[in-house]
Amino acid sequence: MAMDLERVVQEAREAFESGGTRSYFWRRSQLRALKDLLHEMETAICETLNLDLGKHRVEAYRDEAGFLIKSVDYALQNLKKWMSPEKVSVPLIGFPTTSEVVPEPLGVVLIFASWNFPIGLSLEPLIGALSAGNSVVLKPSELAPASSKFLAENLPKYLDNKAVAVIEGGPLIGQQLLEHKWDKIFFTGSSKIGRIIMTAAAKHLTPVCLELGGKCPAIIDSLSISGDIKVAINRIAGAKWGFCSGQACIAIDYLIVEEKYAPSLVDLLRKKIKSCYMRQGDLTRIVNKQHFQRLRKFIEDPVVANTVVYGGSFDQENLYIEPTILLDPPLDSEIMNEEIFGPLLPIITLKKIEHSIEFLKARPKPLVIYAFTKNEKLKERIVEETSSGSVTFNDAVIQFALDTLPFGGTGQSGFGKYHGKFSFDQFSHQKAIMRRSFYMEFSFRYPPWNERKLQFIRYVYSYNYVGILLLFLGLKRYSSA
Ligand code: NAD
């Protein structure tokens, strides 16, 4: 395997060095080929995701196969524009000059993907890396073995297999890959492994993008949305139980609501579960036994178990967990301090919804803060006073599908943005180009220094055109101060 790895990395390097990946035509052909794969293998992709996670065909298409077709289309539509140099204005200090920013591919990129959207989170960054003209080594997650195998078998059939390679394996292979020198490492996964990635990258000063997790809260301001609470409940339930059973970095982790609204919120959620999230086919299963046990352990803690107000049953044989609601589990319990990543939904009650701001500020920065409210003052305070990768009002998870918004975390939830043009930028170096002629040589830039030169530089930096003119004409005395 070590030899194989060596050869794959070497080939990816040679493919990049050959210059072939830089052209518009190569990039477009790769994106088109990827789109062909997604169209032709849509059924196989959905079946693969069903094998790994029991995802329903609709969910698999919505969140991965179809989602990716949307992203490739967007990249194809915009590729030429993204690749074009961007002219920038030139301040007085650079006159006369033309300047531009030219996006340049970074080189050979290593992408690590997680298991929860094992095809989506492998190919979404790949779209960005190919658009930007890089060669790529992709390591899918070993915890979604069918998806990993699917990618390893099928990507080489469609894509330039010198420039794009898939390496399958777990942490050991991950470690071996990290020993190589990369031009970028794009990592989706946990903050624990994110630290390992960053440490390894530091050895070669390789830039990294870390797409990590965290606990995404949703504030429910029941009073202000009372008329629209049904819509809110649809969206909250969909963003927890209808989105990989909560096994998603942007899934709602817990709700915050005023004490007096908690009983009716529980009641509405309970009804919603009963009408939409009871059949195993409609719910994604837990990825494996280890994660199943991890989730079970959360509510085996007796003080937490006492707070279960709905659900709580576990089907170990088939790895299903019933959508479960907890009311006010202790804030120092594990479930309120670890990322849940499953269908357990704690509700935290506060006396006043405005206290949610302090509550969030006292905790690590989440990937997303959701708030269901029409209270403009509260919205403004959330945007101004809290910090998170993003904020979504009155909906959840759907922001992920907007190619025009940057997606990524801050603080504990990671750093670096992608999606749409942000993906292209993530995998490009923004090279600054300044073009000057040999006209207009000013001696003020060079010694021997004198006060007049100092004054001239002051005027140039402060755009004082009159001062410069007077100085040139000898009509202005310079100060020695
Ligand atoms: P993980 O960190 O265990 O694994 C991620 C990747 O790293 C996998 O490909 C894995 O094989 C590899 N890996 C594991 N150990 C390694 C090691 N020692 N050296 C090198 N590589 C190693 O994460 P996971 O369990 O696959 O995913 C769940 C986590 O990912 C959650 O925390 C979730 O919030 C986060 N996540 C974030 C996003 C996002 O876009 N921000 C999306 C999905 C998941």
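Residues numbered from 1 in each chain as written. Predicted model: local features only at pLDDT ≥ 70, side-chain atom pairs only at ≥ 80, totals over all residues. Heavy atoms only, no water.

### Considering the overall build of the protein
Condition: Only runs of H or I of at least four residues qualify as helices and only runs of E of at least two qualify as strands under DSSP, and these elements are numbered from the N terminus. Relative accessibility under 20% of the residue-type maximum defines a buried residue, over 50% an exposed one, and the middle range a partly exposed one, all with a 1.4 Å probe and only protein chains included. Contacts are assigned to residue pairs that have any heavy atoms within 4.5 Å of one another. What sets the accessible areas is the Shrake-Rupley method with a 1.4 Å probe; for residues, cover comes only from the shown protein chains. A positive count includes Lys and Arg, and a negative count includes Asp and Glu. His and the chain ends are not counted in either. Where a charge lies is defined by one atom per residue type: Lys uses NZ, Arg uses CZ, Asp uses CG and Glu uses CD.
On a plain count of helices and strands, the protein comes out with 17 helices and 18 strands. Burial statistics for the protein: of 481 residues in total, 52% are counted as buried. Restricting to contacts in the protein with at least 6 residues of sequence separation, those with at least 24 account for 70%. Surface exposure of the protein reaches about 22100 Å², of which carbon and sulfur atoms provide 57%. Separation between the mean location of the 58 positive side-chain charges and that of the 53 negative ones in the protein comes to 7 Å.

### What to know about the domain arrangement of the protein
Formally: Annotation comment: domain bounds sourced from an automatic or database domain assignment.
The domain boundaries assigned to the protein delineate domain 1 (2-212 + 418-431), domain 2 (217-408) and domain 3 (443-481). With centres defined by C-alpha atoms, the gap from domain 2 to domain 3 works out at 63 Å.

### Re unusual backbone geometry
Note that the residue after Phe95, namely Pro96, is joined by a cis bond; omega there is -10°. Along the polypeptide, Pro96 turns up in the loop between β1 (86-88) and β2 (97-105). Backbone torsion omega between Pro447 and Pro448 reads 5°, so that peptide bond is classified as cis. Locating Pro448 in the fold gives a position in the loop between β18 (428-436) and α16 (451-461). Notably, Cys244 is not glycine yet its phi reads approximately 60°, a positive angle. With respect to the helices and strands, the residue Cys244 is situated in the loop between α9 (229-240) and β9 (254-258). Positive phi values are uncommon outside glycine, yet Asp328 reaches one of about 55°.

### Concerning the site of the ligand
Put simply, the rule is: Note on terminology: near, applied to a residue and a molecule or strand, indicates that one of the residue's heavy atoms is within 4 Å of it. Here a polar contact is taken to be a pair of N or O atoms separated by no more than 3.5 Å, where protein atoms must pair a possible hydrogen donor with a possible acceptor and residues adjacent in sequence count only if both atoms sit in side chains. Here the term charged refers only to Asp, Glu, Lys and Arg, the term nonpolar to Ala, Val, Leu, Ile, Met, Phe, Trp, Tyr, Cys and Pro, and the term polar to all other amino acids, Gly among them.
In the vicinity of the ligand lie 28 residues, with Ala113, Glu142, Ser190, Leu212 and Glu339 positioned nearest. A distance of 2.6 Å separates an oxygen atom of the ligand from a polar side-chain atom of Glu142. Class assignment of the residues belonging to the shell around the ligand gives a composition of 15 nonpolar, 9 polar and 4 charged. Residues from two domains meet in the shell around the ligand; each of domain 1 (2-212 + 418-431) and domain 2 (217-408) gives at least three.

### Thoughts on the packing of aromatic side chains
This is how the line gets drawn: Each Phe, Tyr or Trp ring, with Trp reduced to its six-membered ring, pairs with another whose centre is within 6.5 Å; inter-plane angles below 30 degrees give stacked pairs, above 60 give edge-to-face pairs, and intermediate values give tilted ones. Our definition puts a charge over a ring when NZ of Lys or CZ of Arg is within 6 Å of the ring centre and also within 35 degrees of the ring normal.
Applying the stated criterion to the full structure yields 20 aromatic pairs. Seen from their ring centres, Phe117 and Phe243 are 5.1 Å apart, and the 40° between their planes marks the pair as tilted. Here Phe117 is found in the loop between β3 (108-112) and α5 (120-131), whereas its partner Phe243 is found in the loop between α9 and β9, with 126 residues between them in sequence. Considered together, Phe117 and Phe243 belong to a single accessibility category, that of buried residues. Here a set of aromatic residues connected by ring pairs shows up, and it is made of Phe67, Phe186, Phe400, Phe407, Tyr418 and Phe427. One residue, Lys70, lies across the ring of Phe67, its end atom 4.3 Å from the ring centre. When the ring centre of Phe359 is taken as reference, the NZ or CZ atom of Arg363 above it lies at 3.7 Å.

### Side note on α16
The test is simple: Directions drawn from the helix axis to the C-beta atoms are what define this arc.
Looking at α16, one finds that the buried residues are Lys453, Gln455, Phe456, Tyr459 and Val460. The arc that holds every buried residue of α16, seen down its axis, measures 160°, which confines them to one face. Structurally, α16 contributes buried residues whose contacts are with α17 (465-473). N-capping of α16 is provided by Asn450, with a side-chain oxygen placed 3.1 Å from the backbone N of Arg452. Tyr463, located one to two residues past α16, shows a positive phi value of around 55°.

### A few points about the environment of Phe187
Relative to the elements of secondary structure, Phe187 occurs in strand β6 (residues 184-188). In this structure Phe187 comes out as buried when scored by relative accessible area, which is 5%. Note: C-alpha distance between Phe187 and Phe438 (251 residues apart in sequence) is 46 Å. When near neighbours in sequence (up to four residues on either side) are disregarded, Phe187 contacts Phe112, Ile193, Gly194, Ile197, Cys209, Leu210, Glu211 and Leu212.

### Thoughts on the packing of helix α4 (residues 57-83) against α5
This is how it is decided: Lines are fitted to the C-alpha atoms to define the axes, a helix being fitted only along its stretch in contact, and any angle between axes, read from their N-to-C directions, falls within 0 to 180 degrees. Any angle from 65 to 115 degrees is called roughly perpendicular, while one under 35 is roughly parallel, one over 145 is roughly antiparallel, and all others are oblique.
Following both chains from N to C, one finds α4 and α5 inclined at 10°, their axes separated by 10 Å at the closest point. Of the possible angle classes, the one that applies to α4 and α5 is roughly parallel. Contacts between α4 and α5 pair Glu64, Phe67, Leu68, Ser71, Val72, Ala75, Leu79 and Trp82 from the former with Gly120, Leu123, Glu124, Ile127 and Ser131 from the latter.

### Quick look at the side chain of Ser388
In this structure, Ser388 sits in the loop between α14 (376-385) and β16 (390-393). Among the polar contacts made by the side chain of Ser388, one reaches the main-chain carbonyl oxygen of Ser390 at a distance of 2.9 Å. In this view, Ser388 contacts Pro366, Leu367, Val368, Ile369 and Thr410; residues no more than four positions away in its chain are not counted.

### Notes on the sheet that holds β16
To keep it simple, the criterion reads: DSSP bridges decide pairing: two strands pair if at least two such bridges lie between them.
Taking strand neighbours across the sheet as the criterion, the 7 strands line up as β10-β13-β14-β9-β8-β15-β16 in an open arrangement whose pairing is mixed. Either end of the sheet is taken by a strand with one partner, and the two such strands are β10 (308-310) and β16. Averaged over neighbouring strand pairs, the angle between their axes works out to 25° when direction is ignored. Alignment of β9 against strand β14 (residues 344-350), held across 4 bridges, turns out to be parallel. Within β14, the position partnered with Glu258 by the bridge is Leu350. Docked against the sheet, helix α11 (residues 289-300) engages β10, β13 (324-327) and β14, running at close to 35° with respect to β14.

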